[in-house]
Amino acid sequence: MNSLEATSALNRIVSNCSIPSSNKSCVFIDGAWGIGKTHFVQNYFSKNKNEFIYTSVFGKNSVRDIEKSILIHSLPGMKKFNEENGFAKATQKILSDLGDKFLGVSIDSYLNSFSIDDIKLDMISNKRKIICFDDIERKSDSIEMKSLLGLIERTSKNFDVLIVGNTDELDEKDIKTFNTYKEKIIDYVIKIDSIDKN
């Protein structure tokens, strides 16, 4: 489908999930490299009232590194620290370089004391959190596809999840694992073939 059809599909999915509902959705957006999937997703959610938390799998060396990048944008204090100091794309290495202490506690220790399971939906703000995992086909060789999908499944228990990737670029082992577990994790697949420039 093209991006207009993908927008319509996303609108239906997003509108079907109400805040009080315990049913969360996991959407996979599939498409070729360079087609503009990431731009499409970020542009779509920039116009949406929900809270959009983005992380790229690319450049992370472990599932825990991916989880920490989500926690940085989700935990009380960390999000404020991140935004106010202009470190929206900071990695754990950059955070470590900033200094050992944050409010008297090591940043790394602070993050290590939490998991994605500890972050719950903020009912007071009346906003849904949508967590995006991008570039799954560019994951490090040190990350097992099964472990990455395990993190995505854990995340989908409390949040709506968006996965962005290119299944054509997954190696034989990863595509086999992905196909084995996708029906358990993924509710909707949107295959984008073209992006409307308007």
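All of these numbers come straight from a predicted model, not from anything done at the bench.

Draft legend 1. Just the overall build of the chain, in detail. The helix and strand tally for the chain stands at eight helices and seven strands. Long-range contacts, defined here as pairs at least 24 residues apart, represent 78% of the contacts in the chain between residues at least 6 apart. Carbon and sulfur atoms form 49% of the exposed surface of the chain, whose accessible area is close to 10,600 Å².

Draft legend 2. Spotlight on empty space enclosed by the protein. One pass over the structure, following the stated rule, counts one cavity of 30 Å³ or more. Taken as a whole, the largest cavity spans an internal volume of roughly 80 Å³. Leu10, Ile13, Val14, Ser25, Val27, Phe45, Arg128, Ile130, Asp160, Val161 and Leu162 are the residues that line the largest cavity. Elements represented by at least two residues in the lining of the largest cavity include exactly helix 1 (3–16) and strand 6 (160–165). Residues belonging to the lining of the largest cavity are distributed by class as follows: eight nonpolar, one polar and two charged.

Draft legend 3. The arrangement of helix 2 (residues 37–46) in detail. Residues of helix 2 that are buried: Lys37, Phe40, Val41, Tyr44 and Phe45. Buried residues along helix 2 cover an arc of 115° about the axis, so they all sit on one side. Opposite the buried face of helix 2, by more than 90 degrees, sit the exposed residues His39 and Ser46.

Draft legend 4. Up close: the packing of aromatic side chains. Inspection of the entire model under this criterion finds four aromatic pairs. For the ring pair phenylalanine 40 and tyrosine 44, a centre distance of 6.5 Å and an interplane angle of 35° mean the geometry is tilted. One end of the pair is phenylalanine 40 and the other is tyrosine 44, both in helix 2 and four residues apart, which spans about a single turn. Look at phenylalanine 45 and phenylalanine 52: their rings are 4.7 Å apart centre to centre, the planes differ by 5°, and that puts the pair in the stacked class. Among the aromatic residues, ring-to-ring pairing joins Phe40, Tyr44, Phe45 and Phe52 into one connected group.

Calculation notes
Residues numbered from 1 in each chain as written. Predicted model: local features only at pLDDT ≥ 70, side-chain atom pairs only at ≥ 80, totals over all residues. Heavy atoms only, no water. Helix = DSSP H or I, 4+ residues; strand = E, 2+ residues; numbered from the N terminus. Contact = heavy atoms within 4.5 Å. Areas by Shrake-Rupley, 256 points an atom, 1.4 Å probe, with all protein chains shown as cover. 1 Å grid on protein atoms, 1.4 Å probe; cavity = no way out; pocket = protein on both sides within 12 Å on 5 of 7 lines; lining within 4 Å. Points joined across faces, edges and corners; volume = space filled by probe spheres on them. Nonpolar A, V, L, I, M, F, W, Y, C, P; charged D, E, K, R; others polar. Buried < 20%, exposed > 50% of the residue type's maximum accessible area, 1.4 Å probe, protein only. Arc of directions from axis to C-beta. Phe/Tyr/Trp six-rings, centres within 6.5 Å; stacked < 30°, edge-to-face > 60°.

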